[in-house]
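Residues per chain are reported as follows:
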Amino acid sequence: MKIALVGNPNCGKSSLFNVLTGLNQKVGNYPGVTVDRKSGEMNKGTNYASVIIDLPGIYSLYPASEDEQIACDIIRNPKHEDHADVWVVVADATQLRRSLLLCTQMIDMQLPVVLAVNMMDLIENPDQYFNFQKLSAKLDIPVVPISARTKKGIDTLKSVLSKAITPSRTRILKIPEGLQPVIAQSKVLMNTEKEYPAYQALITPDDFLYLPEETREKIKALSPLMASKELVANEMLVRYDRIDLFLEDSLRTVTTQAEKRTLILDKILLHPLWGYFIFLGILFLIFQMLFSVAEFPMNFIEMVFGKAGEAIGKILPEGSMFSHFITDGVLAGIAGIVVFVPQIAFLFLFISVLEETGYMSRVVFLMDRIMRPFGFSGRSVIPLIGGMACAVPSIMMARTIPNPKERLITILVTPLMSCSARLPVYVLLTALFVPDIKVLGGIGNLKGVVMLGLYIMGFVMALLVAFVLKKMMKYQSDGIFVSEMPLYRKPRWQNVGITIWKKTRTFLIETGKIILVISVVLWGLKSFAPGNQFEKIHQKYEQLAQNPANNPDSLEMEKSSELLKASYAGVIGKSMEPLIRPLGYDWKIGIALLTSFAAREVFTGTMGMIYGMSESVEVEDDEQRKTLTERISKEYPPAVAFSLLIFYAFAMQCMSTLAVTKRETGSWSWTIFMLVYLTVLAYGAAFIAYRVALMI
Amino acid sequence: MNTRKLSELKIGDTATISSIETAEMQVALMNLGVLEGDKCKLTDIAPLGDPIAVLVNGTKVSLRKKDAEKVWVKT
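Q: How would you explain the overall build of chain A if you had to name every residue and give the values?
A: Tallying secondary structure elements over chain A gives 31 helices and 10 strands in all. Seen along its three principal axes, the alpha-carbon backbone of chain A occupies a region of about 100 × 60 × 50 Å. Buried residues in chain A amount to 41% of all 696 residues. In chain A, the share of contacts with a sequence separation of at least 24, taken over all contacts with a separation of at least 6, comes to 70%.

What follows is the structure, given as structure tokens:
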């Protein structure tokens, strides 16, 4: 049996879903859109096993957003794979009047409906306020008071669901006799026996996306004047009149402690001064967590993978292509995916706590006016700040932005924020041309100032690009911005845990696939050479090794340097030279650019390898950095380093970001657009930087 | 009785919603349980004066200023 949960946003629907299914959940995507499809199993392994589907939150059956459209499609289309056998309408006990709007629509859809009145734990002496028996009789559907938080009433709900549920015999909306001929025609076109959906299709034909366009046009032609928002508004007014009668001996809305607390808290959290202080404090905390605390588990993961690589290398036949493929290709690729897990988990920990408590909608309230001119949503602040740590979880976060245009803009500019992976490259390159001068009376260092400048430059560029994109994408009207600010409440840690777990898993599986493929390809480019080039190099060094005068370690390094130059990566790097000449780069930097497409932090390692140092150049290691800095500075003027720095600040050199962008936008075109615009931007800016630096 | 726009209220003012200008706006507000005839209280105004938040029937609703201009209230 299939059971669907429907209800307003913030009615505790997801909590009920978590209580009913535990960890037996699956999260996917509805095809073609970035709306989570959540389903799970209840009573697994018993006779009463059923599939629970948690539909996106809706206020009514007249959708106002992409999520709501999906939920309405499922409810209206009897052939949709998620169209359920039983529908549980989840209502908020403190907002019963409003919650019943959707419930009365579901009843008129002639679907088998159960009303679960949630959040009963917030109401003291509920018997004083509600008469659920009477409500149940009037609506002709089962009504079950529950609390997903305290799990009260859940068993009753389960036992109600285990019995057969029949559609209510009541009709709430009376459709005028005069419309019957048109309704009858609409029914035929829609292939339904039901009156209400046929009426809905007449007044909002464009929302019936599940019907073929041809059918929609025919319905529209039946009575063109009926397609109007006025009739929707009239219907809602009629429903509220009926609801007020249903609730005559129940309370329509209950003033709770939570509401009083919210009013007081908002006085502080939305204060023109303190509100921003607190928000900045929270941002700082998130930033710290992503930047410094996440580093410990990240280092640990790198160490584990390093050790695992060594161990596997020992088991497999030494020096064989296969063991090389496993350790350097596959394992390194997996390590590159797993290493993001701590940052993703931390970011989603914070985000889901902010969402759970209700604070996120306050962020929107505070930031909306400031962010709007740039084409952002108030919610874009979090992904942008998160982008300073890592663009990957930040782009996943953008999903919480309801307006598709604002979400797309946020995703497209987030990679411009200087992420933590750029830091080692910045450190290495600033050392090449910025003198070690104390500034601000000895407190600061000029290098630090340049570094800060790079972060600011990224942020300003993100604003500029967003502004241009906003002007370019005129396809959507801004519409009405009316939203609910939910009451503050304690986070439900089970929901938080499940969110973190689901997001991390989605990243590992969905994005991981793409990352793995690209790392294997890049490994292939580095590990193979045209013709028998590699054999010749191997032979040459075998002969050199015969001579005891040569140091075997330095020979080994020179050999890997030569191998890299001869490989396909080297060949491509060389053929790229004419293209990157104008920026002051030669083929060596070309190889570094190519290999750091996987991840920009690879730059230092590749440069190290080209200069015959060991591949694991640690920028944190002063000694190694100095050696590399000296070798590079011997060959390149400071202008090249400056141009490279600007290039790295803007360029798209992170396949994980591309992979996650593909997943979140669901479109290769936008992903390629992102890659192209960032490359053009980086190229242009680096070109200007190089020319200007040469003149100085 | 004084009729004015919702956007003209000050923090702490209470009023009764007398009319909502467009059907689109009516639907958006009715989705949140806000109807003509309901009492409302202006609780917060964001810096720069936009958006604003009103408390209606126990629901806090935030609206952009240009939308609040479509709602008429009696004080």
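Q: Just give me the short version of the overall build of chain B, but keep the residues and values in it.
A: Looking only at helices and strands, one finds 2 helices and 6 strands in chain B. In chain B, the succession of α and β elements from N to C terminus is β-β-α-β-β-β-α-β. The C-alpha radius of gyration of chain B comes to 11 Å, within 12% of the 11 Å expected for a compact globule of 75 residues. Structurally, chain B occupies a C-alpha span of about 30 × 25 × 20 Å along its principal axes. Burial analysis of chain B (75 residues in total) assigns 52% to the buried set.

Q: An account of helix 31 (residues 668–695) of chain A is requested, with residue identities and associated values reported.
A: Since the α-helix packs 3.6 residues into each turn, any two residues three or four apart lie on the same face. In a regular helix each residue adds 1.5 Å, so 28 residues correspond to 40 Å; helix 31 of chain A covers 41 Å between its end C-alpha atoms and thus fits that length. Taken together, the buried positions of helix 31 of chain A are Thr671(A), Met674(A), Leu678(A), Leu681(A), Ala682(A), Ala686(A), Ala689(A) and Tyr690(A).

Q: Kindly report on the domain arrangement of chain A, identifying the contributing residues and their values.
A: Interface extent is often summarised as the accessible area lost during association of the parts. Annotation of chain A at the domain level lists domain 1 (2–177 + 241–246), domain 2 (274–472) and domain 3 (495–695). Distance between the C-alpha centres of domain 1 of chain A and domain 2 of chain A: 38 Å.

Q: Residues and numbers for helix 7 (residues 180–190) of chain A, please.
A: Residue and element names in this part refer to chain A. Buried within helix 7 are the following residues: Ile-183, Ser-186 and Met-190. Taken down its axis, helix 7 places every buried residue within 60° of arc, on the same side. For helix 7, the exposed residues lying more than 90 degrees away from the buried face are Pro-181, Ala-184 and Val-188. Packed against the buried residues of helix 7 are helix 8 (195–203) and helix 9 (213–222). Asn-191 occupies a position one or two residues after helix 7 and carries a positive phi of about 60°.

Q: For the sheet that holds strand 2 (residues 14–20) of chain B, give the residues involved together with the corresponding values.
A: Pairing is antiparallel in the open sheet, where 7 strands are placed in the order 10(A)-5(B)-4(B)-3(B)-2(B)-6(B)-1(B). This sheet does not close on itself; its edge strands, each paired only once, are strand 10 (482–485) of chain A together with strand 1 (3–5) of chain B. Neighbouring strand axes in the sheet, compared pairwise and without regard to direction, differ in orientation by 40° on average. Bridge analysis of strand 4 (residues 52–56) of chain B against strand 5 (residues 59–63) of chain B gives 5 bridges, and the strand direction is antiparallel. The partner of Leu55(B) across the bridge, within strand 5 of chain B, is Lys60(B).

Q: Describe the sheet that holds strand 7 (residues 143–145) of chain A, naming the residues involved and giving the relevant values.
A: Two strands in a sheet stick together by hydrogen bonds in their backbones, pointing the same way (parallel) or opposite ways (antiparallel). Residue and element names in this part refer to chain A. Strand order in the open sheet formed by 7 strands is 2-3-4-1-5-6-7, with mixed pairing between adjacent strands. Every other strand in the sheet has two partners, leaving strand 2 (25–29) and strand 7 as the edge strands with one partner each. When strand polarity is set aside, the average angle formed by the axes of neighbouring strands in this sheet is 25°. In this structure, strand 1 (residues 2–7) lies alongside strand 5 (residues 86–92), joined through 5 bridges in parallel fashion. Its bridge partner being in strand 5, Gly-7 is matched across the sheet by Val-90.

Q: Before we move on, could you go through the pairing of strand 3 (residues 39–45) of chain B and cite the residues and values that matter?
A: Residues and elements named next belong to chain B. Taken together, the 3 bridges between strand 2 and strand 3 define a ladder with antiparallel strand orientation. Following the sheet pairing, Thr-14 is matched in strand 3 by Lys-41. Where strand 3 folds back onto strand 4 in an antiparallel hairpin, the turn is made up of 6 residues, including Leu-48, whose phi is positive at roughly 75°.

Q: Which residues make up the interface of chain B and chain A, and what are the values?
A: Contact with chain B, which involves 29 residues of that partner, is made by 32 residues of chain A. Within the residue set of the side of chain B that touches chain A, elements represented by two or more residues are helix 1 (23–31), strand 3 and strand 5 of chain B. Tallied by class, residues from the side of chain B that touches chain A come to 15 nonpolar, 8 polar and 6 charged. As defined by bridge partners, strand 10 of chain A adjoins strand 5 of chain B across 4 bridges and the pair is classed as antiparallel. When the bridges of strand 5 of chain B are listed, Met485(A) appears paired with Lys60(B).

Q: Please provide a residue-by-residue account of the packing of helix 23 (residues 533–546) of chain A against helix 24 (residues 552–566) of chain A, values included.
A: All names here are of chain A. It is at 10 Å that the axes of helix 23 and helix 24 come closest, and there the two elements cross at 165°. Considered as vectors, helix 23 and helix 24 are oriented roughly antiparallel to each other. Where helix 23 crosses over helix 24, the handedness of that crossing is right-handed. Between helix 23 and helix 24, the residues in contact are Gln-533, Phe-534, Ile-537, Tyr-541, Leu-544 and Ala-545 and Pro-552, Leu-555, Lys-559, Glu-562, Leu-563 and Ala-566, respectively.

Q: Report on the environment of Lys41(B), specifying residues and quantitative values.
A: Residue and element names in this part refer to chain B. If you trace the backbone, Lys-41 turns up in strand 3. With 30 residues separating them in the primary sequence, Lys-41 and Ile-11 have C-alpha atoms 8.1 Å apart. Setting aside its immediate chain neighbours within four residues, Lys-41 contacts Thr-14, Val-54 and Leu-55.

Q: So what's going on with the pairing of strand 3 (residues 36–42) of chain A? Residues and values would help.
A: If a strand is regular, its side chains alternate between the two faces of the sheet. Relative to strand 3 of chain A, strand 2 of chain A runs antiparallel, the two being bridged by 5 bridges. Bridge pairing links Lys26(A) to Ser39(A) in strand 3 of chain A.

Q: How would you explain the confidence of the model for chain B if you had to name every residue and give the values?
A: For chain B, mean pLDDT is 92; residues scoring 70 or higher make up 100% of the total. The ipTM value of the predicted complex is 0.95, and its pTM value is 0.79.

Q: I'd like to hear about the nonpolar core, residue by residue, with values.
A: Residue and element names in this part refer to chain A. Judged by nonpolar contacts, the single largest core of 186 residues is most densely connected at Leu-5, Val-6, Val-89, Ala-91, Val-113, Leu-115 and Ala-116. Per element, the largest residue contribution to this core is 10 residues, and it comes from helix 29 (residues 638–650). Among all residues touching Ala-91, those that are not within four sequence positions of it are Gly-7, Cys-11, Leu-96, Ser-99, Leu-100, Cys-103, Leu-115, Ala-116, Val-117 and Asn-118. Formed by 10 residues, the second largest nonpolar core is a distinct cluster that contains Met-190, Ala-198, Tyr-199 and Leu-211.

Q: Break down the packing of helix 10 (residues 229–246) of chain A against helix 1 of chain B for me, with residues and values.
A: Between helix 10 of chain A and helix 1 of chain B, whose axes approach to 8 Å, the crossing angle comes to 35°. Regarding helix 10 of chain A and helix 1 of chain B, the two cross each other, and that crossing is left-handed. Here Lys229(A), Glu230(A), Val232(A), Ala233(A) and Met236(A) of helix 10 of chain A lie close against helix 1 of chain B, whose contacting residues are Ala23(B), Glu24(B), Gln26(B), Val27(B) and Met30(B).

Q: Tell me what's going on with unusual backbone geometry, and back it up with residues and numbers.
A: Omega for the bond connecting Asp50(B) with Pro51(B) falls within 30 degrees of zero, at -5°, which places this linkage in the cis form. Tracing the backbone shows Pro51(B) in the loop between strand 3 and strand 4. If you check the backbone angles, Lys151(A) has positive phi at about 65° while not being a glycine. In this fold, Lys151(A) is placed in the loop between strand 7 and helix 6 (154–162).

Q: An account of the environment of Leu42(B) is requested, with residue identities and associated values reported.
A: All names here are of chain B. Within the fold, Leu-42 resides in strand 3. Residues Leu-42 and Leu-32, spaced 10 residues apart in sequence, show a C-alpha to C-alpha distance of 16 Å. If we ignore the near neighbours within four places in the chain, the residues touching Leu-42 are Leu-9, Lys-10, Ile-11, Gly-12, Asp-13, Ile-52 and Val-54.

Conventions used here
Residues numbered from 1 in each chain as written. Chains lettered and ligands numbered in written order. Predicted model: local features only at pLDDT ≥ 70, side-chain atom pairs only at ≥ 80, totals over all residues. Helix = DSSP H or I, 4+ residues; strand = E, 2+ residues; numbered from the N terminus. Buried ≥ 20, exposed ≤ 12 C-beta atoms within 10 Å, placed from the backbone. Contact = placed C-beta atoms within 7 Å. Rg over C-alpha atoms; globule rule 2.2 N^0.38 Å. Expected span 1.5 Å × (residues − 1). Domains from an automatic or database assignment. Arc of directions from axis to C-beta. Pairing = 2+ DSSP bridges. Axes fitted to C-alpha atoms, helices over the stretch in contact; angles between N-to-C directions. Nonpolar A, V, L, I, M, F, W, Y, C, P; charged D, E, K, R; others polar. Parallel < 35°, antiparallel > 145°, perpendicular 65-115°, else oblique. Left-handed = near helix turned anticlockwise from the far one by under 90°. pLDDT = per-residue confidence, 0-100. Core = buried A, V, L, I, M, F, W, Y, C linked by C-beta atoms within 7 Å.

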